[in-house]
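Overview (structure and organization)
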Amino acid sequence: MQRAAGLGRRKFLTGAAAGLGGTALAAAGGPAVGANRNPATGAAAPSIGPVTVTPADQQYPDVVRAMNARYVARPGSVHFVDAPEQIPAIVERAVRERKRLTVRSGGHCLEDFVYNSTVQTVLDVSHMNAVYYDSTHRAVAVESGATLLDLYETLYQAWGTSIPGGICYSVGVGGHVSGGGWGMLARRDGLVVDHLYAVEVVVVDTAGTARTVLATRDKGDPNRELWWAHTGGGGGNFGVVTRYLFRSPDARGNDPRTLLPKPPAEVLLSAVSWPWSRITKNDFARLAQNYASWHVAHSAAHSPQRFLSSFLLLNHQANGQIGLVTQVDASAPRAQQMLKDYLTYMSTGVTTQQSALTLQMGDIGPMPQFAAPRRLPWLQATRFVGTTNPLLNDPTLRAEYKSAYMRAAFPRPHLDAMYKHLTRTDVASPNLNIQLTPFGGAVRKVGPYDTAAVHRAAAFKMLWSAQWNDPADDAKYVAWARESYREVYAGTGGVPVPDNVTDGCYVNYPDADLSDPRHNRSGVPWHTLYYKDAYPRLQRVKKKYDPRNVFRHRQSVELPG
């Protein structure tokens with residue numbers, strides 16, 4: 001097996017790979033599909049990593065910040081690597097010199113866990129991004145710096161497969177997978193980690209020595225618990241992930257075209273809205289409750305409606321619209337009728353009519369051409385939905401996020417609180433919203449503690465999103481997020497505690513307020529909201545593989561005791 005090197009390499013299919021789905025090359029342990037290669041010779045580009053950037057370098061200001069402009073650090077060095085073997089020496093030096101180390105993959109940092117005032121060394125793996133077939137393990141290898149859209153394009157164009165990952169095109173694989181991984185195909189195919197065979201991690205022992213460990217889901221693997229911890233335990237906790245190896249549990253053979261789910265050949269894509277100018281309080285409540293009740297009713301693992309995935313964007317009234325984006329596997333039985341029935345259900349009891357989605361809202365751009373559903377090839381639809389958000393390329397973007405898992409329909413106080421804060425006039429912005437996002441379906445095929453992604457009983461998820469540009473507005477918009485979240489969950493201490501209605505929080509939408517008793521008055525600790533009863537097991541993994549607590553942040557898994 002060869003793995004191509006070269007800082008900043010991008011996807012490039014050789015002629016053989018393009019023509020044979022990569023099988024001929026893969027069977028021979030040949031070149032990495034997705035590597036940057038010389039088209040004349042086929043040779044891999046030489047590595048130029050690791051590269052170290054310090055405050056004396058011109059590019060330093062560009063490499064010490066997250067996508068969320070609230071988070072900027074002043075480390076003494078930033079190390080860019082383009083091959084896994086470059087990592088141990090950097091880690092060992094940071095340990096030896098007692099420098100606080102953090103790791104960056106895609107840079108979608110919703111909290112300051114990578115970029116903060118205490119970090120002294122940043123290890124950036126974003127150029128370590130090859131995707132290739134590993135013939136030794138009969139799995140598709142994905143280096144931790146790969147981004148989701150690059151991954152989808154390589155998997156699908158080379159082998160006709162995919163994984164049920166997130167929507168946003170530029171999210172890094174490193175953190176996305178370790179937090180469980182979820183997206184538009186989750187109801188059909190489960191979570192990303194349900195297809196994770198192995199993870200390769202650089203860990204540090206009690207002596208400060210870094211070593212690379214390959215942990216698989218095989219029952220007899222002595223490192224199996226390290227694999228389990230990376231199936232929902234979150235990033236920045238146990239070591240530096242160098243690559244993930246994907247193979248579905250029921251996959252057989254050594255043909256990469258058969259090892260992972262095949263996404264739909266085509267999807268039906270719909271985008272509609274309801275104008276705030278005509279929405280009553282009752283209309284708002286019916287829209288939100290219709291979404292909730294539909295997902296609760298159709299959350300079974302084998303529900304015929306598992307082929308439908310939908311987002312309801314409850315925007316602040318300053319936006320002008322509430323939006324609904326829906327995708328259906330076009331090959332599903334009665335797919336068109338399924339979509340029609342769903343859109344009818346969503347409008348039940350709502351006095352205003354659906355219309356085109358013409359405004360930017362959250363992570364979704366205007367989609368007026370989908371007011372009537374359109375049939376698209378899956379990859380075309382995935383590219384389009386994942387790249388419609390211009391905010392993702394705004395270097396001044398500042399943001400605050402919060403999350404919740406929901407098991408049941410909304411109690412009336414939840415609906416009243418959401419309406420109150422989405423119609424406030426003292427804080428008004430088109431970029432304030434509460435997004436309701438799909439869960440359930442095939443996610444429930446896996447037991448709650450078979451992976452570290454434990455919220456398998458949830459029917460849908462929620463994301464509070466406040467986005468703005470002026471640092472002078474930080475306090476105002478952070479307060480809006482905190483106040484609205486606290487009031488929605490006022491009956492359970494200001495957070496969505498695990499019970500019959502709510503089910504905790506999503507670790508990939510980290511929220512430092514969950515650790516603060518001023519904001520979490522429930523008596524339920526932050527780690528229970530993320531991990532429920534799995535937390536002690538994660539602590540045992542932490543003790544075995546990171547006994548010096550090298551890999552840590554404000555909400556990292558703590559050593560026992």
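In case you missed it, the structure is sitting above this.
Throughout this description, residue numbers start from 1 for each chain and increase along the sequence as written. Restriction of local features to residues with pLDDT of at least 70 applies here, the model being predicted, together with a cutoff of 80 or more for giving and counting side-chain atom pairs; totals for whole chains, interfaces and linings are based on all residues. Hydrogens and water are ignored here; the side-chain numbers use all heavy atoms of the structure.

Some thoughts on the sheet that holds strand S5 (residues 131-134)
Heads up, the rule is: Two strands make a pair as long as DSSP finds a minimum of two bridges between them. Every helix listed is a DSSP run of H or I at least four residues long, and every strand listed is a run of E at least two residues long, numbered separately from the N terminus. Under this scheme, a helix contributes an axis fitted over its contacting stretch, all axes are lines through C-alpha atoms, and angles between N-to-C directions fall in the 0 to 180 degree range. Only heavy atoms enter the contact rule, under which two residues are in contact if any of them lie within 4.5 Å.
Read from one edge to the other, the open sheet built from five strands follows the order S5-S6-S9-S7-S8, with strand pairing classed as antiparallel. Among the strands making up the open sheet, the edge pair consists of S5 and strand S8 (210-216). Taken pair by pair, the neighbouring strands of this sheet meet at an average axis angle of 25°, ignoring direction. Pairing analysis gives six bridges linking strand S7 (residues 196-204) to strand S9 (residues 240-246), with the strands arranged antiparallel. Each residue of the ladder has a partner; that of Val 202, found in S9, is Val 240. Lying on the sheet, helix H3 (residues 87-96) is in contact with S7, S8 and S9; it crosses S7 at an angle near 40°. Sheet strands in contact with helix H4 (residues 148-159) are S5 and strand S6 (139-143), and its direction is about 50° off that of S5.

Comments concerning the layout of surface pockets
Here is the rule: Of the grid points, spaced at 1 Å and generated over the protein atoms alone, those admitting a 1.4 Å probe that cannot get out make up cavities, while open sets with protein on both sides within 12 Å along at least five of seven lines make up pockets; any residue with an atom within 4 Å of a point is treated as lining. Grid points are joined across faces, edges and corners, and a volume is the space filled by probe spheres set on the points. Side-chain classes follow a simple rule in which Ala, Val, Leu, Ile, Met, Phe, Trp, Tyr, Cys and Pro form the nonpolar group, Asp, Glu, Lys and Arg form the charged group, and the remainder, Gly included, forms the polar group.
Empty space within the largest pocket amounts to approximately 660 Å³. If you trace the largest pocket, you find 27 residues lining it, with Arg 65, Met 67, Arg 104, Gly 106 and Gly 107 closest to the centre. For the lining of the largest pocket, the residue count by class is 10 nonpolar, 10 polar and seven charged. The computed volume of the second largest pocket comes to approximately 460 Å³. At the level of elements, helix H6 (186-189) and helix H7 (224-229) are the ones that each hand at least two residues to the lining of the second largest pocket. Of the residues that constitute the lining of the second largest pocket, the class distribution is 10 nonpolar, five polar and eight charged.

A closer look at helix H9 (residues 335-346)
To keep things clear, this is the line we draw: Helices are assigned an expected span. That span is 1.5 Å times one less than the residue count. Exposure is judged per residue with a 1.4 Å probe applied to protein chains only, and the accessible area is read against the type maximum: over 50% gives exposed, under 20% gives buried, and values in between give partly exposed. By definition, the arc is the one covered by directions from the helix axis to the C-beta atoms.
With 12 residues, H9 ought to run about 16 Å at 1.5 Å a step, and its terminal C-alpha atoms sit 17 Å apart, in line with that. Taken as a whole, H9 has its buried residues at Ala 335, Met 338, Leu 339, Tyr 342, Leu 343 and Met 346. With its buried residues spanning 125° around the axis, H9 presents them on a single face. Those residues of H9 that are exposed and aimed more than 90 degrees away from the buried face are Gln 336 and Lys 340. Buried-residue contacts for H9 involve strand S10 (266-275), helix H8 (281-297), strand S11 (308-315) and strand S12 (321-329).

Considerations on the pairing of S6
Here S6 lies mainly inside the structure; five of its five residues are buried. Alternating positions in S6 separate into two faces, Ala 139, Ala 141 and Glu 143 on one and Val 140 and Val 142 on the other, with burial throughout. Examined bridge by bridge, S5 and S6 share four bridges and lie antiparallel to one another. Directly across from Tyr 132, in S6, lies its bridge partner Ala 141. Between the antiparallel neighbours S5 and S6 lie four residues, among them Arg 138 with a positive phi of about 50°. Sheet topology note: the S6/S9 ladder contains four bridges and is antiparallel. Residue pairing for S9: Glu 143 is matched across the bridge by Arg 243.

A few points about the sheet that holds strand S3 (residues 101-104)
Strand order in the open sheet made by the four strands is S1-S2-S4-S3, with mixed pairing throughout. Strands at the two margins of the open sheet, each flanked by one partner only, are strand S1 (51-53) and S3. Strand-to-strand twist of the sheet, defined as the mean angle between neighbouring strand axes without regard to direction, takes the value 20°.

Concerning helix H11 (residues 412-422)
Buried within H11 we find His 414, Leu 415, Ala 417, Met 418, Tyr 419, His 421 and Leu 422. The inward-facing, buried residues of H11 contact H8, S11, strand S15 (398-406), strand S16 (432-438), strand S17 (460-468) and helix H12 (474-488).

Notes on the pattern of salt bridges
Test applied: When a carboxyl oxygen of Asp or Glu lies within 4 Å of a side-chain nitrogen of Lys or Arg, that pair is called a salt bridge.
Tallying each qualifying case throughout the model produces 29 salt bridges. The closest approach of N and O atoms between Arg 257 and Asp 255, which form a salt bridge, is 2.9 Å. With a relative accessible area of 19%, Asp 255 lands in the buried category. Asp 513 serves as the salt-bridge partner of Arg 482, at 2.8 Å between the closest nitrogen and oxygen. Here Arg 482 is found in helix H12, whereas its partner Asp 513 is found in the loop between H12 and helix H13 (526-531), with 31 residues between them in sequence. By relative accessible area, which is 9% here, Asp 513 ends up buried. Each member of the salt-bridge network shares a partner with another, and the members are Arg 70, Glu 400, Lys 402, Arg 482, Asp 511 and Asp 513.

Read these as spatial facts, not as claims about activity.
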